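# Observations on the three-dimensional arrangement
In case you want the letters, here they are:
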Amino acid sequence: MKAPDDWSNWQDNPEDPNPWYTLYMDSVTPLSSAVKQAWLIDSSRKSRQYLLPVVRPLARATIIFNQLIKSILPSWRNSAALHKTIVWGLKSFVSPEANTFILRHFTLGSEIQRFILDNLPGIEIQTLHFMRFQTLEDLRDDAFLKHDLNLFNFITSLNLALKAQGREIVAPEQLNFSAITDGEFPIRDIPHGKLNKIDIQTAIELYTPIFQFFLSDNDFWRSVNSLQLDETIALYVGKILNDPLPVMLVNNRHPLVPHSTLKAGFRLVLHGLATEMLHRHLVLLKRKQAASLLRPSAS
């Protein structure tokens, strides 16, 4: 069933409710109306309904085939060709909503990491690359590979610093939300061509075996295992906020129990959505803090 074209004036039929509209109206999931609407429009695309069921088993079979190749050539890689191929595919065939979500993801992840550091004064990680991309062309510079390296290096360096200082992550007296953007990101030049129809789930399933093929065996396994660090990051944020909700937003569990690479595409979608929800949760808390600071105190 297609998502509504006009969400504001949609007349729901109790005898035949539109599932996308129901999900849109749900107010518990921490997503802005614009982001949720874009996500549901993308999810209702025909490519997800008709192409994804075909692509997913073929992609997983290709992952198995690639693994056999990597057992012979485990160190072969060509990251430049990988990112060139990905950018070409995104610009040529992937939907505007999906491309926007992909670009947003790098900024969201960077802001969440920056939020954690800002609320642990005295700890700074010099080796991190806070990634903020505005166009698909910006992804050519090993963006996906660096994103995974960033996550591992962030967690390792953070815990080394905490250990060196004999500290634990605790809630600060005053939360610092300066890293969290409340508003739109400067994303531009998103293609809207006639062939830009593939939804984000189908696109990720297609790209996962390509990602595996062009990376070394070690790089790919590390990339897949990075998805299980969602819970780790959520625990850090939860401790800073003194709030269990961030962990409840995560579906990629548990960091110490690795999953098979076959479901990497599906889990990557969960990773992206969890990042969107965690960032939105921080935006709402930032607004509450700003409102309380502006509110005059009782005399």
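In what follows, the structure referred to is the one given above.
Quick notes on the rules
Sequence order as written defines the numbering, with residues in each chain counted from 1. Local features are withheld for residues below a pLDDT of 70 in this predicted model, meaning they are given only at 70 or higher, and side-chain atom pairs are given and counted only at 80 or more; totals for whole chains, interfaces and linings count all residues. Side-chain figures throughout are based on the complete set of non-hydrogen atoms in the structure, without hydrogens or water. The patches reported here contain residues having more than 30% relative accessible area and no salt bridge. Joining distances are 9 Å for like charges and 5 Å for nonpolar side chains (Val, Leu, Ile, Met, Phe, Trp, Tyr). Only the protein chains shown count as covering a residue, and every accessible area follows the Shrake-Rupley method with a 1.4 Å probe. The salt bridge criterion pairs a side-chain nitrogen of Lys or Arg with a carboxyl oxygen of Asp or Glu, the two atoms within 4 Å. Each helix is a run of DSSP H or I of at least 4 residues and each strand a run of E of at least 2, with the numbering of both proceeding from the N terminus. We call two residues in contact whenever any of their non-hydrogen atoms come within 4.5 Å of each other. In this scheme, a residue with accessible area under 20% of its type's maximum is buried, one over 50% is exposed, and one in between is partly exposed, where area comes from a 1.4 Å probe on protein chains only.

## So, a nonpolar patch on the surface
- A cluster of nonpolar residues, Ile-72, Leu-73, Trp-76 and Phe-213, forms a patch on the protein surface that exposes about 420 Å² of accessible area.
- You can see Ile-72 is positioned in helix 3 (residues 46-72).

## Side note on the side chain of Gln-201
- Topologically, Gln-201 is positioned in helix 7 (residues 200-214).
- Setting aside chain neighbours within four positions, we find Gln-201 in contact with Ser-43, Arg-48, Leu-52, Arg-56 and Val-269.

## A word on the pattern of salt bridges
- Tallied over the entire structure, the rule returns 15 salt bridges.
- Of the charged contacts, one joins Glu-137 and Lys-91 as a salt bridge, the two residues approaching to 2.7 Å between their closest N and O atoms. Here Glu-137, found in the loop between helix 5 (96-118) and helix 6 (143-165), pairs with Lys-91, found in helix 4 (residues 79-93); they are 46 residues apart in sequence, far enough to count as distant.
- Under the relative-accessibility criterion, Glu-137 is labelled partly exposed at 35%.
- For Lys-91, a relative accessible area of 35% puts it in the partly exposed group.
- With its nearest N and O atoms 2.8 Å apart, the salt bridge here joins Arg-104 to Glu-276.

## Concerning the environment of Leu-284
- Take Leu-284: it is sitting in helix 11 (residues 264-294).
- Overall, Leu-284 belongs to the partly exposed group, its relative accessible area being 33%.
- For the pair Leu-284 and Pro-30, spaced 254 residues apart in the sequence, the C-alpha separation amounts to 8.6 Å.

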